[in-house]
Every structure is written in structure tokens, then in C-alpha cells.
Amino acid sequence: MSGDTGVLHVLETESDLDWILSSGPHPPYIVIMETAFFNRSVMMRMKSSSRVAGVAVIVSKTGLADNFSPHTTCPNQNTGECESER
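A quick note: this is a predicted structure, and the numbers were derived from the prediction, not measured.

(A) Expanded view of the overall build of the protein chain. A count of helices and strands for the protein chain gives two helices and three strands. Helices and strands in the protein chain line up, N terminus first, as β-α-β-α-β. Here the protein chain holds 86 residues, and 26% of them are scored as buried. In the protein chain, once contacts between residues fewer than 6 apart in sequence are set aside, the share between residues at least 24 apart is 47%. Summing over all exposed atoms, the protein chain offers an accessible surface of approximately 6,400 Å²; the carbon and sulfur share of this is 53%.

(B) Broad picture of the pairing of strand S1 (residues 7-11). One ladder, built from five bridges, connects S1 with strand S2 (residues 29-34); its direction is parallel. If you follow Val7 over to S2, its bridge partner there is Tyr29. Running through helix H1 (residues 14-23), the crossover from S1 to the neighbouring parallel element S2 is right-handed.

(C) Region of interest: the packing of aromatic side chains. Inspection of the entire model under this criterion finds one aromatic pair. Taken together, a centroid distance of 5.4 Å and an interplanar angle of 50 degrees make the contact between Trp19 and Tyr29 tilted. Linking Trp19 in helix H1 with Tyr29 in strand S2, this pair joins segments that are ten residues apart in sequence. The buried category is assigned to Tyr29, whose relative accessible area is 1%.

(D) Main features of the pattern of salt bridges. Tallying each qualifying case throughout the model produces two salt bridges. The salt bridge partner of Glu14 is Arg45, with a shortest N-O separation of 2.8 Å. Taken together, the residues span a long stretch of sequence, with Glu14 in helix H1 and Arg45 in helix H2 (residues 40-47) at a distance of 31 residues. For Glu14, a relative accessible area of 42% translates into the label partly exposed. Taking the shortest distance from any N to any O, the salt bridge between Asp18 and Arg45 comes out at 2.8 Å.

Conventions adopted
- Residues numbered from 1 in each chain as written.
- Predicted model: local features only at pLDDT ≥ 70, side-chain atom pairs only at ≥ 80, totals over all residues.
- Heavy atoms only, no water.
- Helix = DSSP H or I, 4+ residues; strand = E, 2+ residues; numbered from the N terminus.
- Buried < 20%, exposed > 50% of the residue type's maximum accessible area, 1.4 Å probe, protein only.
- Contact = heavy atoms within 4.5 Å.
- Areas by Shrake-Rupley, 256 points an atom, 1.4 Å probe, with all protein chains shown as cover.
- Pairing = 2+ DSSP bridges.
- Right-handed = clockwise from strand over helix to strand, strands pointing away.
- Phe/Tyr/Trp six-rings, centres within 6.5 Å; stacked < 30°, edge-to-face > 60°.
- Salt bridge = Lys/Arg side-chain N within 4 Å of Asp/Glu carboxyl O.

Have a look at this one:
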């Protein structure tokens with residue numbers, strides 16, 4: 001009810017990001033992007049812009065990008081940090 005709203009736009013290239021952040025005619029945008037674009041540089045650019053209201057990250061057909069933690073209920077289950085192990 002009181003969440004972020006915006007026009008959905010798929011981020012596929014660097015030029016898409018430039019368009020979203022500078023010239024797209026109907027901000028704010030909710031950006032949908034694959035894991036390859038989910039990095040500090042891209043996220044900081046979007047964070048500093050009032051033209052981006054939200055982000056959704058999808059897993060591509062090629063799988064997760066490097067450095068993603070596994071998708072489990074406890075990503076650190078092998079380190080002894082999960083409640084279920086205590």
C-alpha cells in the first residue's frame with residue numbers, strides 16, 4: 001500500500017542504465033536486472049539517483065554471477081553460525 005512504485009524497466013546493457021538515470025521520460029523506475037549487473041558500481045549509481053525507486057534481481061539462464069552465496073535458509077550453515085545447529 002505505501003511501498004515504492006515506478007515504471008518497470010529491464011536493464012540489459014550499460015546504455016539502458018544511462019537511459020534510466022538520465023533521459024528516460026517517465027521516472028521513477030523499478031529496475032529489473034540479471035545478477036551480472038548486481039554489483040557495487042551499478043547499485044551506487046542507482047542509489048544516488050532519485051529516478052530509481054526499486055530494484056529486482058533475477059537469475060539468468062547462465063546462473064549466478066561470481067561471489068554469490070548459496071541459496072539456502074542458512075548460507076553460513078557450514079560455519080556453525082546457524083540457530084538450527086545449536
